[in-house]
Amino acid sequence: RVDEHDAVQKKTFTKWINAQFSKVFVFPFRSEKQTRLLISDGLPLPQTKERGATRVHALNNVNKVLQVLHQNHVDLVNIGGTDIVDGNHKLTLGLIWSIILHWQVKDVMKDIMSNLQQNNSEKILLSWVRQCTRSYPEVNVLNFTTSWSDGLAFNGILHHFRPEAFSWDQVVRLSQMERLDHAFTVARDQLGIERLLDPEDVAVQLPDKKSIIMYVTSLFAVLPKDVSMDAIREVETLPRKFKTEDAVPGLNFPHFIISFSLGSSFQSSPQPEIPVTETEGDVEAGLLDVDLDSYQTTLEEVLTWLLSAEDTLQIQEEVSNDVEEVKEQFHTHEAFMMELTAHQSSVGNVLQAGNQLIAQGSLTEEEEEEIREQMSLLNSRWENLRVASMDRQARLHEVLMDLQQQQLQQLSDWLTQTEKRIKRIEMEPPAEDMEAYKEKIEQHKELQNDLEVEQVKVNSLTHMVVVVDENSGESTTAALEEQLQSLGERWAAVCRWTEEKWQKLQEVFLVWQQLLSDQSLFTEWLAEKEEALNEVQTRNFKDSSEMNTNVRQLAILKEDMEKKRRTLDKLADAGQDVIQLLQNPTAGARIEGDTEELTHRWDNLVQKLQDCSFQVGVYSEVMESVTDAGITQMDVAMVASTVDQDLEPPAPAKKRLVETMLVTISSLEVSFADCVCFF
């Protein structure tokens, strides 16, 4: 049944969350891990959301939300960031229910609770339901489970406020499933309430109480909320099978659950006082008289459960010396203690029933003596079970506190070593070349890996169980708070420095690597153009066809240099940017040296191109003169040979005289065209 209720809650709560999201978001809720998004409109959230996909980012973000919930007095019993990030099914459902209970149930009822001076929202809601359905004899709502499974209570509320919407007599004649479907459809169409419940989940022997309360609260929120004190008193006097007061000693939970998030302030919330619970039958049966048969039946049921509980306690393993195993044992035993508390009223009911039977005076002496022995045995076994359970609880607390303190000390020692390690890294001289810089990156990766390993240990501190008592409670929590706050601040500082350092390393690495890549490409381009010029210089300028090839090669080079003229300046600017980021004189000198080398080769290329252009221009002038004089081709060759011997070397070129050189090449193209016509 518990599994069935969990499945219903998951489905119902998901629908409720999507209904809230539909008011401000357009995407659906599909996973428990999205619970951190479920915060009421207007609730102030931390502005510093951590971006990233690692577990560390997820934990810190979820813990920030849990901290806000705690500050708004939302019960977060046994719920921490790890539970949500890891998708713990039961605890996530518990967190969502706490949010629903706080903002939907209590917020909707806070005014009427104040006016009626009542602090029990469930009692007020039940009073309202009974007041609305009083005129419908087919409806008798005693609880938020079995009283709703036939669908009449839902329809009764709707018909009370919207009598014109449908015929009550027709609804009564419908089947159970049809009545439920009818109510949910009318509520959606008439009141705008989402179909949070499915008929098949309600038409069961024991519907889920939380889901019913959530849906009825949705009705309460949009309908008139008049509740009289008479209706309140009527609920308070509803018959119960047995009344249990102080007949059975209760169970104590003397501990706090500390939800601790390194990197943000920790939260602590006391374990709420566990009330004496009532079984559904307590409210439903309405039996005031006790007979011997019913007493014996109830006694047998309680003794059967008691035997099972004794066996469960007996087979629990010895307290471990591993902190995670002890935490698991603690939570297992805590669930066992909660089960004892839930059955405490059943034990009390049997004892009360026995006392009533004896008080009625209708028993024989043997029967009365037998009942007294049964009651004594039951009370004794219950007391032994209770004491043994609390002894184990105390032992678990003692071991867990000791192990957790060891964890905190280990974390403190690790932080001290890491802080020293960071100081050494900061004091190291900057890298002088790319290889040294890559070594720094690898060194930082090692630190990141160590941080990830330590994060696993830190995650185990997300839930800390702190044992307190009436005398040392405040001092214990105050000392722990101070210790955790200090560790949290140190851990956050280490994480922050590691992340910022990594971003800086990556920024410089990418810029520096891009500079080296661009320099390499520019060097390859220079080598290619230098080789092309060398080929032009070695060709035969006396041959007209080769002259044509030379001019074309020079024209191509002209075009390439026009495209590349600004690249060198950009490389120089990029080099200065890297030098400024590195803040290392040696590395800066190397980058400036590389830039000067590229500049020198560029200037040499310009000079070679000018020299080649001058040589081609001289031959072009000679060939024009030959054409005018009518000299033969053989004579031209002889004259050209003479020119080769008599040419004066060109004047030294200024650096980067690209414009002058390019103009010369352009004029060569025109004059050489005439020479080609002559031949």
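On a predicted model such as this, the values are computed, not experimentally measured, just so you know.

> Talk me through the packing of helix 15 (residues 365–427) against helix 16 (residues 434–459); I want residue IDs and the actual numbers.
Running from amino to carboxyl end, helix 15 crosses helix 16 at an angle of 165°, the nearest separation of the two axes being 12 Å. Between helix 15 and helix 16, the interaxial angle falls into the category roughly antiparallel. Crossing of helix 15 over helix 16 shows left-handed handedness. Where helix 15 abuts helix 16, its residues Gln407, Leu411, Trp414, Thr418, Arg421 and Ile425 lie against Gln443, Glu446, Leu447, Asp450, Leu451, Glu454, Lys457 and Val458.

> An account of the environment of Cys495 is needed here, citing residue identities and associated values.
Turning to its location among the elements, Cys495 is positioned in helix 17 (residues 473–537). Assessed through its relative accessible area of 19%, Cys495 is described here as buried. The spacing of Cys495 and Gln448 is 47 residues in sequence and 9.0 Å in space, taken between C-alpha atoms.

> Explain a negative patch on the surface to me, using residue names and the numbers behind them.
On the surface, Glu365, Glu366, Glu369, Glu370 and Glu373 cluster together to form a negatively charged patch. Along the chain, Glu369 turns up in helix 15.

> I'd like to hear about the confidence of the model for the chain, residue by residue, with values.
When the pLDDT values of the chain are averaged, the result is 75; 73% of them are 70 or greater. Per-residue pLDDT, averaged within each element of the chain, yields its smallest value for strand 2 (residues 267–270) (32) and its largest for helix 6 (residues 152–161) (95). Low confidence marks residues 25–43, where pLDDT is under 50. Its contacts with residues over four positions away, or in another chain, come to 39 contacts. When the criterion is pLDDT under 50, residues 631–679 qualifies, and its contacts beyond four places in sequence or with other chains add up to 68 contacts.

> Please set out the pattern of salt bridges residue by residue, giving values where relevant.
Under the counting rule described, the total for this entry stands at 20 salt bridges. The closest approach of N and O atoms between Arg421 and Asp450, which form a salt bridge, is 2.6 Å. Remark: Asp450 occurs in helix 16 and Arg421 occurs in helix 15; sequence separation between them is 29 residues. The exposure class of Arg421 is partly exposed, given its relative accessible area of 21%. With a closest N to O distance of 3.3 Å, Glu428 and Lys440 form a salt bridge. Pair noted here: Glu428 is in the loop between helix 15 and helix 16 and Lys440 is in helix 16, with a separation of 12 residues, a long-range link. What makes Lys440 buried here is its relative accessible area of 18%. Three or more residues are tied together by salt bridges with common partners; here these are Lys11, Lys15, Asp198 and Asp201.

> Outline the packing of aromatic side chains, supporting the account with residue identities and numerical values.
The relation between two aromatic rings is expressed through the spacing of the ring centres and the mutual angle of the planes. The full count for this structure, using the stated rule, is 15 aromatic pairs. On the numbers, 6.1 Å between centres and 20° between planes, the contact of Trp128 with Phe161 is stacked. You can see Trp128 sitting in helix 5 (residues 121–132) and its partner Phe161 sitting in helix 6, a full 33 residues away along the chain. Given the relative accessible area of 0%, Trp128 is considered buried. Among the aromatic residues, ring-to-ring pairing joins Phe144, Trp148, Phe154, Phe184 and Tyr215 into one connected group. A cation over an aromatic ring shows up here: Lys225 above the ring of Phe220, its NZ or CZ 5.8 Å from the ring centre.

> Could you give an account of the side chain of His444, with specific residues and numbers?
Along the chain, His444 falls in helix 16. The exposure class assigned to His444 is buried, which follows from its relative accessible area of 3%.

> Quick one: what's the story with helix 13 (residues 292–315), residue by residue and with numbers?
Its 24 residues give helix 13 an end-to-end C-alpha distance of 35 Å, which sits within 8% of 34 Å, the value for a rise of 1.5 Å per residue. Here helix 13 has its buried residues at Tyr295, Thr298, Leu299, Val302, Trp305, Leu306, Ala309 and Leu313. Contact partners of the buried residues in helix 13: helix 14 (323–360) and helix 15.

> Please provide a residue-by-residue account of the environment of Ser121, values included.
Looking at the element boundaries, Ser121 is found in helix 5. Among the residues examined, Ser121 registers a relative accessible area of 12% and is labelled buried. Distance from Ser121 to Val108, taken between C-alpha atoms, is 9.6 Å for residues 13 residues apart in sequence.

Calculation notes
- Residues numbered from 1 in each chain as written.
- Predicted model: local features only at pLDDT ≥ 70, side-chain atom pairs only at ≥ 80, totals over all residues.
- Heavy atoms only, no water.
- Axes fitted to C-alpha atoms, helices over the stretch in contact; angles between N-to-C directions.
- Helix = DSSP H or I, 4+ residues; strand = E, 2+ residues; numbered from the N terminus.
- Parallel < 35°, antiparallel > 145°, perpendicular 65-115°, else oblique.
- Left-handed = near helix turned anticlockwise from the far one by under 90°.
- Contact = heavy atoms within 4.5 Å.
- Buried < 20%, exposed > 50% of the residue type's maximum accessible area, 1.4 Å probe, protein only.
- Patch = residues over 30% accessible without salt bridge, like charges linked within 9 Å, V, L, I, M, F, W, Y side chains within 5 Å.
- Areas by Shrake-Rupley, 256 points an atom, 1.4 Å probe, with all protein chains shown as cover.
- Salt bridge = Lys/Arg side-chain N within 4 Å of Asp/Glu carboxyl O.
- Lys, Arg positive; Asp, Glu negative; His and termini not counted.
- Charge placed at Lys NZ, Arg CZ, Asp CG, Glu CD.
- pLDDT = per-residue confidence, 0-100.
- Phe/Tyr/Trp six-rings, centres within 6.5 Å; stacked < 30°, edge-to-face > 60°.
- Lys NZ or Arg CZ within 6 Å of the ring centre and 35° of its normal.
- Expected span 1.5 Å × (residues − 1).

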